Amino acid sequence: RRLKLGLPPPPLGVVPDVDGLSQAHETFVSFSAYTCGKSVVRLQQHVRPPVPCGLHSFLADTGELLKYEQAKSREDPVILHYPNASLSFWRDKYERLGEITGDQEMLRRLPRMHLASSQLVLHGQKHQQEMFYRTVVMQSEYNELAYMAEHGLVIRVEGV
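Bear in mind that the values here come from a model prediction, so they are computed numbers and not experimental data. Within each chain, residue numbers correspond to sequence positions counted from 1 in written order. Per-residue local features of the predicted model are confined to residues with pLDDT of at least 70, and side-chain atom pairs are confined, for both listing and counting, to 80 or more; whole-chain, interface and lining totals are unaffected and use all residues. Excluding hydrogens and water, the side-chain values take into account all heavy atoms of the structure.

Per the convention used, a helix needs a DSSP run of H or I reaching at least four residues, while a strand needs a run of E reaching at least two, with both numbered from the N terminus. In terms of helices and strands, the chain carries six helices and two strands. N-terminal to C-terminal, the α/β element order of the chain is α-β-β-α-α-α-α-α. Counting the 160 residues in the chain, one finds 22% classified as buried. A sequence separation of at least 24 residues applies to 47% of the contacts in the chain between residues at least 6 apart. Exposed residues in this analysis have more than 50% of their type's maximum accessible area, buried residues have under 20%, and partly exposed residues fall in between, with area computed by a 1.4 Å probe over protein chains only. The contact definition used throughout considers only heavy atoms, calling two residues in contact when any of these lie within 4.5 Å.

Turning our eyes to something else, we now look at helix H2 (residues 87-97). Turning to H2, its buried residues are Trp 90, Arg 91, Lys 93 and Tyr 94. Seen end-on, H2 carries its buried residues on one side only, within an arc spanning 160 degrees. Against the buried residues of H2 lie helix H4 (112-123) and helix H5 (126-137). Looking one or two residues past H2, Gly 98 carries a phi angle of roughly 70 degrees, positive in sign. This arc corresponds to the set of directions leading from the helix axis out to the C-beta atoms.

So, on to the nonpolar core. Counting 15 residues, the largest nonpolar core has Trp 90, Leu 115 and Phe 132 as the members making the most contacts within it. Put simply, the parts of the chain that give this core at least two residues each are H2, H4 and H5. Examining the composition of this core, we find that five residues originate from one element, H4, more than from any other. Working definition of a nonpolar core: buried Ala, Val, Leu, Ile, Met, Phe, Trp, Tyr and Cys residues. They are joined through side-chain atoms within 4.5 Å.

Just to be clear on terms, a salt bridge is a Lys or Arg side-chain nitrogen sitting within 4 Å of an Asp or Glu carboxyl oxygen. Applying the stated criterion across every chain yields a total of one salt bridge. Of the charged contacts in the structure, one is a salt bridge between Arg 91 and Glu 130, with a shortest N-O distance of 3.7 Å. A residue pair is termed long-range when its members are at least 10 positions apart, and Arg 91 in helix H2 and Glu 130 in helix H5 qualify at 39 residues. Under the relative-accessibility criterion, Arg 91 is labelled buried at 16%.

Structurally, the α-helix is built with 3.6 residues per turn, so residues lying three or four positions apart point the same way. Here a helix's expected span is defined as the number of its residues, less one, multiplied by 1.5 Å. When the terminal C-alpha atoms of H5 are compared, their 15 Å separation across 12 residues agrees well with the 16 Å that a helix rising 1.5 Å per residue should span. Every buried residue of H5 is listed here: Gln 129, Met 131, Phe 132, Tyr 133, Val 136 and Val 137. Gln 139 lies just past H5 and shows a positive phi near 50 degrees.

Okay, structure coming up:
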């Protein structure tokens, strides 16, 4: 089962060339969402809340971009971000975003899963969308989650 996608080639070195296979088949071998992370702010009753600035930042009352600290220890808070938590949300998201356009260099920098999702939701058949979602987003078409769990790469978080 193959999907014919019109994606730009990935940046050099992202897909290893194994006997010419990287040129023949589309692959999704890296992290499938954004790597820039999400932001969280602590709200205090006596301080005015920060102003959201785009998807990943906040501004202080002065208009200055808030400074961020990277999580450094096990006790530091982190945000678990599930950008495509359900098939219906995934479809709605890419229908709202519409066609992703730009020059080849800009398109190469976007996550390939993002480009493929846009093409499939806008132009693919329903069964293709479902197969892609199960295989690439949920990683469950070929028992990837079971395989990763067997090797200690998946954990279940029981509480927050």
